[in-house]
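If you want the building blocks of each chain, they are given just below.
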Amino acid sequence: MIPAAGGALEEDELPDFEESVDRALNEDERLFDSILEEGVETEGLYRQLPAAPGEKGIHFRYFLDGSFRSYFLGVISDSERETPVHFAQIGGCVLRRVDGGKVHIEELRVENVLLLGRRCVSEGLWSQLEDLSSQAGMTLIDITEWDVMCDRLPGYDLQGRAAGKVRFAVHRLEGELIRELLPRLGEDTWLVVDGSLLFEPALGLLSESKDVKPVLGVAKCFRKDPQFSAGQGPQAERRSIYGLLADLKEGCRTAAFAARGGRLVFWYVRLRDRERLEHPFMGAVKAELVNPSGGRVSGELIDALSLYLWEERAAIPYGRSAFWHAHLY
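Being a predicted model, the structure only gives us computed values, none of them experimental.

Quick notes on the rules
- Residues numbered from 1 in each chain as written.
- Predicted model: local features only at pLDDT ≥ 70, side-chain atom pairs only at ≥ 80, totals over all residues.
- Heavy atoms only, no water.
- Helix = DSSP H or I, 4+ residues; strand = E, 2+ residues; numbered from the N terminus.
- Buried < 20%, exposed > 50% of the residue type's maximum accessible area, 1.4 Å probe, protein only.
- Contact = heavy atoms within 4.5 Å.
- Areas by Shrake-Rupley, 256 points an atom, 1.4 Å probe, with all protein chains shown as cover.
- Patch = residues over 30% accessible without salt bridge, like charges linked within 9 Å, V, L, I, M, F, W, Y side chains within 5 Å.
- Salt bridge = Lys/Arg side-chain N within 4 Å of Asp/Glu carboxyl O.
- Pairing = 2+ DSSP bridges.

Here we take up the overall build of the protein chain. The secondary structure content of the protein chain amounts to 7 helices and 18 strands. Looking at the protein chain as a whole, 48% of its 329 residues qualify as buried. Of the contacts formed within the protein chain by residues at least 6 apart in sequence, a portion of 70% connects residues at least 24 apart. Summed over all atoms, the accessible surface of the protein chain reaches about 16400 Å², with 49% contributed by carbon and sulfur.

Another aspect to go through is unusual backbone geometry. For residues that are not glycine, phi is negative in most cases, and the peptide bond is trans in most cases. For the bond from Glu200 to Pro201, the omega torsion is 10 degrees, close enough to zero to count as cis. Considering the arrangement of structural elements, one finds Pro201 in the loop between β10 (189–194) and α5 (202–205). With a phi angle near 50 degrees, Arg260 is a residue other than glycine that sits in the positive phi range. Among the secondary structure elements, Arg260 is positioned in the loop between β15 (257–259) and β16 (264–270).

The next thing to look at is a nonpolar patch on the surface. Side chains of Ile105, Leu108 and Val110 sit close together on the surface and give an oily, nonpolar patch of about 290 Å² of accessible area. Here Leu108 is to be found in strand β8 (residues 103–116).

Further remarks concern the sheet that holds strand β3 (residues 31–32). Sheet strands line up and pair through hydrogen bonds in the backbone, either parallel or antiparallel. The strand order across the open sheet built from 3 strands is β3-β12-β13, with neighbouring strands paired in mixed fashion. Each edge of the sheet is formed by a strand with only one pairing partner; in this case those strands are β3 and β13 (237–240). Here strand β12 (residues 227–230) runs beside β13; their pairing, made up of 4 bridges, is antiparallel. When the bridges of β13 are listed, Ala230 appears paired with Glu237.

Given below as structure tokens:
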């Protein structure tokens, strides 16, 4: 094995990776012209948030986020084959907020992961690594194994694919935590997930019944290529996402659009005044609900969720963060 120069190197997290995955997995959906809400009126593509929610008794009680640290350890060279070797620690944490605003840890999972290419080493070495990983309580992941992203992001080398495998391992862990939390949720007890719900296993898990589960995805980083349309004929209003968010005012939301054939409903909420920020994407978040039936969703529910998100703004994150403008409490 050829070690990394100076020892193991911690890899920087690339904030736009999931944006790239979202764009690659959903490249066939670029124009969103189906508004999937009912019971409220929007002014074209926009809606002012009400002073008080029409849906009573909704509380954001649980908050889920996943994270990881990934290290490049070096390269294994076996005859004419080579594979990078990565070690990662992935984690998922659920916080529960009680009356009065205090939070405490409800669930915490941490896993250690070793990643390398199975087809790039001998079967004997792979078998030995499986045994050692099992004894150490680690998960061994083959970065050469085919997955849905192989055809969509063909330019990624093995080192780039290792980074993708780590992120999908985090999504798997988050899915396990969501499944465990579902029995504790209800109409007045919601879970907020940091990130998109478009990824598996969360999307499939929340689609298992026809009802909308009380789980809200909130993404601070999202794809930049969609187009949006409202209305019919020559009077139809069509905007790029840049134009859509540029005219989205603080305390307002966009209409709720259908994705994946209506299986997911999403909209954008502006948390901060755009005039004080550098570009239209700053200060706005994307909110998502998994909608198994594909039918219309209550506009009052979307209003209430958006209002509660807006009221959670103005948090001051610890340390430095590129997404300070979109953080919630």
